[in-house]
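# Examining the three-dimensional arrangement
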Amino acid sequence: MGFLKEIEKRMESLVEGVFGKAFRRQIQPIEIAKGLTKQMDEGRMVSVSRTYAPNDFTVHLSKEDAEPIEAYQDALREELIQYVSAHAADHDYHLMTPPKVRFVVEDSLSYGEFGITAKLTGPTDRPREKGAPQDTSGKTRIFRTENIRQEEPGQNTAAISAEEAKSFGLSREVVQLVLDGKTYPLEGQGPWTVGRSAENDVVLSDPNVSRHHARISRLEGGFVIEDLGSTNGTLLDGVPIDRERIDNGDELTFGQSTARFVRRTETSGGSPTPFGRSGGRR
């Protein structure tokens, strides 16, 4: 544990050192490191004599987060590899090969969000050890940094009321969740959380809903739904999802509660115009 804590402190100090400018207002190295080890813990596989853990990691970053750290990626990669190696040793995890970490840009991610795909892979230059599990395809989990600013550049534009919009001949976007005849407006920039806890934007009393069940966020040109590790999962049109785009009319299920996602514009004449799909689902 001591070695792991030592690496944690070193990674935290990087913010003040070589990575200071790159990480000043966004994802911190230690947040990525802890995301990696969380995925390592969740993806571990137990055999008769060993506990195998993921050893091949992909870090997905938004374009805005990736560009400032491009020059530091090699140094950051080495720190992250040391961190997951120490975590594996501390938990007696067996890695079939030395850990690998790569970075990719993911257009669907917003500033301050990052994803991690963790795979368990065997060696390619020698036979797989007896009793070792087969390679896994990996599962991607999306994280949101705690340090993301409340306002992004360009989001401080003054809002106008529906009446003012109508008087100027403008349209107004309306975004809602409709469940059991009740409407939950999703106003502002978001994100909006769904769950049983009273601190959520959409509070559901369903006992099958987790305290912090899911989150709806804006992306450029649309919206995404993300499950927050809930006990019973989140369904999109009946299919379990981790993170997916959603459109007007989509059916979202949280526990035993099913809601309809509504996104429309109200024109100056007051008639609603729904946002439709431009093709197949994803």
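See above for the structure.
Here is what the cut-offs are and how they apply
- Residues numbered from 1 in each chain as written.
- Predicted model: local features only at pLDDT ≥ 70, side-chain atom pairs only at ≥ 80, totals over all residues.
- Heavy atoms only, no water.
- Helix = DSSP H or I, 4+ residues; strand = E, 2+ residues; numbered from the N terminus.
- Buried < 20%, exposed > 50% of the residue type's maximum accessible area, 1.4 Å probe, protein only.
- Contact = heavy atoms within 4.5 Å.
- Areas by Shrake-Rupley, 256 points an atom, 1.4 Å probe, with all protein chains shown as cover.
- Salt bridge = Lys/Arg side-chain N within 4 Å of Asp/Glu carboxyl O.
- Axes fitted to C-alpha atoms, helices over the stretch in contact; angles between N-to-C directions.
- Parallel < 35°, antiparallel > 145°, perpendicular 65-115°, else oblique.
- Left-handed = near helix turned anticlockwise from the far one by under 90°.
- Nonpolar A, V, L, I, M, F, W, Y, C, P; charged D, E, K, R; others polar.
- Phe/Tyr/Trp six-rings, centres within 6.5 Å; stacked < 30°, edge-to-face > 60°.
- Pairing = 2+ DSSP bridges.
- Polar contact = N/O pair within 3.5 Å; in protein donor to acceptor, adjacent residues only side chain to side chain.

### Remarks on the overall build of the protein
Along the protein, the regular secondary structure elements total five helices and 19 strands. For the protein, the residues scored as buried account for 45% of the 282 residues in total. At a minimum sequence separation of 6, the contacts of the protein that also span at least 24 residues come to 62%. Summed over all atoms, the accessible surface of the protein reaches about 15,300 Å², with 47% contributed by carbon and sulfur.

### Observations regarding the pattern of salt bridges
Tallying each qualifying case throughout the model produces nine salt bridges. Note that Glu-129 and Arg-50 form a salt bridge whose closest N and O atoms lie 2.8 Å from each other. Placement of Glu-129 in the loop between strand S6 (113-119) and strand S7 (139-144) and of Arg-50 in the loop between strand S1 (45-46) and strand S2 (51-52) is noted, with a sequence separation of 79 residues between them. On the accessibility criterion, Glu-129 (27% relative accessible area) is partly exposed. Between Glu-113 and Arg-243 there is a salt bridge; the shortest N-O distance is 2.8 Å.

### Examining the packing of helix H2 (residues 29-42) against helix H4 (residues 73-90)
Packing of H2 against H4 leaves a shortest axis separation of 10 Å and a crossing angle of 40 degrees. Taken together, the axes of H2 and H4 are oblique relative to one another. In the crossing of H2 with H4, the sense of the turn from one axis to the other is right-handed. Taken together, the residues of H4 that come into contact with H2 (itself represented by Pro-29, Ile-30, Ile-32, Ala-33, Lys-34, Leu-36, Thr-37, Met-40 and Asp-41) are Leu-76, Leu-80, Tyr-83, Val-84, His-87 and Ala-88. Of the residues in the contact of H2 with H4, the class split is 11 nonpolar, two polar and two charged.

### A short note on the packing of aromatic side chains
Under the defined criterion, the tally for this structure stands at three aromatic pairs. By the ring-pair criterion, three or more aromatic residues cluster together here, those being Trp-192, Phe-223 and Phe-261.

### With respect to the sheet that holds S2
One open sheet holds the three strands; their spatial order is S1-S2-S4, and the pairing between them is mixed. Each end of this open sheet is capped by a strand with a single partner; those strands are S1 and strand S4 (93-94). Pairing between S2 and S4: two bridges, direction parallel. Bridge pairing links Tyr-52 to His-94 in S4.

### What to know about the pairing of strand S13 (residues 222-227)
The buried fraction of S13 amounts to six of the six residues, a majority that puts the element mostly inside the structure. Here S13 shows no split at all, with Gly-222, Val-224 and Glu-226 on one side and Phe-223, Ile-225 and Asp-227 on the other all buried. Here S13 pairs with strand S16 (residues 243-246) via four bridges, running antiparallel. Following the sheet pairing, Phe-223 is matched in S16 by Ile-246.

### Points about the environment of Ser-257
Take Ser-257: it is sitting in strand S18 (residues 257-266). Setting aside residues up to four positions removed in sequence, Ser-257 forms contacts with Leu-179, Leu-204, Asp-206, Val-209 and Leu-252. One polar contact links Ser-257 to Asp-206, side chain to side chain, over a distance of 2.9 Å.

### Digging into the side chain of Ser-230
Within the secondary structure, Ser-230 is located in the loop between S13 and strand S14 (234-236). A residue is classified by how much of its surface remains accessible, and Ser-230, at 11% relative accessible area, is buried. Looking at Ser-230, its side chain comes within polar contact range of the side chain of His-213, at 3.3 Å. Ignoring anything within four residues of it in the chain, the contact list for Ser-230 reads Ser-210 and His-213.

On their own, these measurements won't tell you what the molecule is for.
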